[in-house]
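Chain by chain, the residues:
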Amino acid sequence: MHTKVLMVDVDGVIVRHPHPEGWAANLERDLGLSKKALQEGFFRRHWGDVVHGRASLRDRLEASLAVIAPHLSAETLISYWFANDAFIDKDLYEQLSHLRSVGVEMHLATVQEHERAAYTWDVMALKSLFSAIHYAAEIGICKPHHEFYKEISRRVSAERIFFIDDSAPNVKAARDCGWRAELWEPGASLADLFPDLLSA
């Protein structure tokens, strides 16, 4: 059993876009698709099913694009999305690398669908730093639902689970489920947030 495990959120934490509008900031300029059309035609109608693992990202996106942007393929948009949403926070990465080097086991706990979860794990190579990824489409439940955290707790053999996330509701839910959770802000120190993480 690992006595302590650190869970890390992906978007807004280990992966953080430098532009306040995120990966779609230049979507209309680059691909001729407005953010509003994508939000209303795809995310609002289909994202719930996709992120809970009930539908394929590619299938639902292809159907949506046929209506809102017939000049675009799902493959083109997915490639653009993933490549433009792959900015790793170097400072946090270095802190996590140090923790790993001294024996702290780390996992990702994130709201993702299957394809981007695989992309962050394999293409962005977060598998080189983390031992496992736990994500919404695989579990079938999103944060901040308590069952998301409870399911991960059942999977992970640890006496204590530490967790960082940039969403206050997610942090509260994790605490409700017995995790030691703190709200993450860019530039924060893990040593300050969790002074007992490396203690005996």
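The rules we used
- Residues numbered from 1 in each chain as written.
- Predicted model: local features only at pLDDT ≥ 70, side-chain atom pairs only at ≥ 80, totals over all residues.
- Heavy atoms only, no water.
- Axes fitted to C-alpha atoms, helices over the stretch in contact; angles between N-to-C directions.
- Helix = DSSP H or I, 4+ residues; strand = E, 2+ residues; numbered from the N terminus.
- Parallel < 35°, antiparallel > 145°, perpendicular 65-115°, else oblique.
- Left-handed = near helix turned anticlockwise from the far one by under 90°.
- Contact = heavy atoms within 4.5 Å.
- Nonpolar A, V, L, I, M, F, W, Y, C, P; charged D, E, K, R; others polar.
- Expected span 1.5 Å × (residues − 1).
- Bend = angle between axes of the 7 residues up to and from the residue.
- Buried < 20%, exposed > 50% of the residue type's maximum accessible area, 1.4 Å probe, protein only.
- Core = buried A, V, L, I, M, F, W, Y, C linked by side-chain atoms within 4.5 Å.
- 1 Å grid on protein atoms, 1.4 Å probe; cavity = no way out; pocket = protein on both sides within 12 Å on 5 of 7 lines; lining within 4 Å.
- Points joined across faces, edges and corners; volume = space filled by probe spheres on them.
- Salt bridge = Lys/Arg side-chain N within 4 Å of Asp/Glu carboxyl O.
- Phe/Tyr/Trp six-rings, centres within 6.5 Å; stacked < 30°, edge-to-face > 60°.

Draft legend 1. Molecular detail of the packing of helix α4 (residues 74–83) against helix α6 (residues 114–123). Two numbers describe how α4 lies on α6: the axes approach to 11 Å, and their chain directions differ by 45°. With respect to α6, the element α4 is oriented oblique. Considering how the two elements wind past one another, α4 and α6 form a crossing that is right-handed. Only Glu-115, Arg-116 and Tyr-119 of α6 make contact with α4, whose side of the interface consists of Ile-78, Trp-81, Phe-82 and Ala-83. Its residues placed into classes, the contact of α4 with α6 shows five nonpolar, no polar and two charged.

Draft legend 2. Fine view of helix α2 (residues 35–51). A rise of 1.5 Å per residue sets the reference length of α2, with its 17 residues, at 24 Å; its end C-alpha atoms lie only 19 Å apart and thus fall more than 12% short of the reference. Its axis deflected by about 45° at Phe-43, α2 carries its strongest bend there. Regarding α2, the residues found buried are Leu-38, Gly-41, Phe-42, Phe-43, His-46, Val-50 and Val-51.

Draft legend 3. Highlighting the nonpolar core. Among the nonpolar cores identified, the biggest contains 29 residues, and Leu-6 and Leu-96 are the most heavily contacted of them. Only β1 (2–8), α5 (90–101), β2 (105–110), α6, β3 (132–135), β4 (158–165) and α10 (190–193) provide two or more residues apiece to this core. If you tally residues by element for this core, the top one is α5, at three residues. When sequence neighbours within four positions are dropped, the list of residues in contact with Leu-96 reads Leu-6, Val-8, Ile-14, Met-106, Leu-129, Phe-130 and Leu-190.

Draft legend 4. Structural context of the layout of surface pockets. Approximately 520 Å³ is the volume found for the largest pocket. For the lining of the largest pocket, the element with the most residues is α2, which contributes five residues.

Draft legend 5. Summary view of the pattern of salt bridges. All chains considered together, the criterion is met by 21 salt bridges. With its nearest N and O atoms 2.9 Å apart, the salt bridge here joins Arg-54 to Asp-49. Looking at Arg-54, the relative accessible area reads 55%, which means it is exposed. Between Arg-180 and Glu-182 there is a salt bridge; the shortest N-O distance is 3.9 Å. Residues participating in the shared-partner salt-bridge network are Glu-138, Glu-147, Glu-151, Arg-154 and Arg-155.

Draft legend 6. Geometry of the packing of aromatic side chains. Counting across every chain of the model gives 14 aromatic pairs. Considering the side-chain rings of Tyr-149 and Trp-179, the 5.2 Å spacing of their centres and the 90° angle between planes classify their relative orientation as edge-to-face. With Tyr-149 in helix α8 (residues 146–155) and Trp-179 in the loop between α9 (168–176) and β5 (180–183), this pair connects stretches of sequence that are 30 residues apart. In this structure, Tyr-149 and Trp-179 share a single accessibility class: buried. The rings of Trp-23, Phe-42, Phe-43, Trp-47, Tyr-80, Trp-81, Phe-82 and Tyr-119 are connected pair by pair, giving a single aromatic cluster.

Draft legend 7. How the structure looks around unusual backbone geometry. The omega angle of the peptide bond from Lys-143 to Pro-144 is 5°, so this bond is cis rather than trans. Positive phi outside glycine occurs at Ala-125, with the angle close to 60°. Take Ala-125: it is sitting in the loop between α6 and β3.

Draft legend 8. Up close: the environment of Leu-190. Of note, Leu-190 is situated in helix α10. Exposure remark for Leu-190: the relative accessible area of 3% places this residue in the buried category. Leu-190 sits 176 residues away from Ile-14 along the chain, and the two C-alpha atoms are 13 Å apart. Residues within four places of Leu-190 in sequence aside, it is in contact with Leu-6, Leu-92, Gln-95, Leu-96, Leu-99, Ile-164 and Trp-184.

Draft legend 9. Highlighting the environment of Ile-68. For Ile-68, the location among the structural elements is in helix α3 (residues 57–68). Distance in space between the C-alpha atoms of Ile-68 and Pro-169 is 33 Å, their sequence separation being 101 residues. Once residues lying within four places of it in the same chain are set aside, the contact partners of Ile-68 are Leu-33, Ala-37, Leu-38 and Gly-41.

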